[in-house]
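Per-entry structural report
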Amino acid sequence: TSMGVARRLYLYSVSAVSLLVLAIGLYNLAALVLGQVADILDASVIGGGAGTGREQVSMAIALVVVGLPVFTIHWWLVERGWLGTDAAAVDDRFSSIRAFHLALVATVGLGVAVYAGIVVVRHGFIWVLGVQDPAIGGPRVSEALALIAISVPIWWYHQHRRGIDLRRDHLGGSAAWLSRLYRYGWAFAGLILLVTGVSQVLETTSSVL
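In this text, all values refer to a predicted model and were calculated from it rather than measured experimentally.

The next thing to look at is a nonpolar patch on the surface. Residues F188, L191, I192, L194, V195, V198 and L202 make up a contiguous nonpolar surface patch of roughly 680 Å² in combined accessible area. With respect to the secondary-structure elements, L202 resides in helix α6 (residues 174-208). Accessibility expressed as a relative area gives 56% for L202, which makes it exposed.

If you look at the biggest cluster of nonpolar residues, it comprises 14 residues, and the most contacted ones within it are Y12, L19, F71, W75, V78 and I154. Secondary structure elements with two or more residues in this core: α1 (2-41), α2 (54-83), α4 (96-129) and α5 (141-169). The dominant element in this core, judged by the number of residues it contributes, is α1, at five residues.

The final tally for this structure, using the stated rule, is three aromatic pairs. On the basis of an interplanar angle of 80° and a centroid distance of 6.4 Å, the ring pair of Y12 and W75 is categorised as edge-to-face. Of this pair, Y12 sits in helix α1 while W75 sits in helix α2, and the two are 63 residues apart along the sequence. The same class applies to Y12 as to W75, namely buried. Ring geometry for W75 against Y157: centres 6.4 Å apart, planes inclined by 65°, an arrangement best described as edge-to-face. In this pair, W75 sits in helix α2 while Y157 sits in helix α5, placing the two residues 82 residues apart along the sequence.

With that settled, consider the environment of L22. Along the chain, the position of L22 falls in helix α1. Looking at L22, the relative accessible area reads 9%, which means it is buried. C-alpha separation for the pair L22 and G67, spaced 45 residues apart in sequence, amounts to 4.6 Å. Apart from the residues within four sequence positions on either side, L22 is in contact with L63, V64, G67, L68 and F71.

The rules we used
Residues numbered from 1 in each chain as written. Predicted model: local features only at pLDDT ≥ 70, side-chain atom pairs only at ≥ 80, totals over all residues. Heavy atoms only, no water. Patch = residues over 30% accessible without salt bridge, like charges linked within 9 Å, V, L, I, M, F, W, Y side chains within 5 Å. Areas by Shrake-Rupley, 256 points an atom, 1.4 Å probe, with all protein chains shown as cover. Salt bridge = Lys/Arg side-chain N within 4 Å of Asp/Glu carboxyl O. Helix = DSSP H or I, 4+ residues; strand = E, 2+ residues; numbered from the N terminus. Buried < 20%, exposed > 50% of the residue type's maximum accessible area, 1.4 Å probe, protein only. Core = buried A, V, L, I, M, F, W, Y, C linked by side-chain atoms within 4.5 Å. Phe/Tyr/Trp six-rings, centres within 6.5 Å; stacked < 30°, edge-to-face > 60°. Contact = heavy atoms within 4.5 Å.

Below is the structure:
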């Protein structure tokens, strides 16, 4: 029904926005903590922070304090649709809005994690090879590790939740192809990254030889 569609649009939209606010706050806190640990240990590999201000800490805590209860309440209402057996719960599990939300959040989470992972691996090779970092103004390793610590659990939960839906309810239509689009899209993105990386390795090796 139109009321059910409007309710789903509201719940999933607010859940997505509040999760983003919460994730940004948690990322800022994690980046500040890791940066301070790196400064204390004088760990050049991890990369220390540029200084911790009270404004940064206050803003990060404010984002968490605001985002956590809003997300928790709305996601609890969403989960009632997962656990219920009435017609409204079934409609929610088979809805394209739900499929789009789970695929979108999982895509953003995985994209951030892949980007941060590339940054960490690049810094690791730079440290091992003893060369100077060619990137200027890029994220430090501590910031990349904070991104991974926040984005990976978000990605895992949403894709795991969608996998349960697909196995239990045998979804069809747009609810199914949106999930398949997410999987095939990331398979294609992984192939592109692999081909690009191998080509650059071959190009560099041939130049050295």
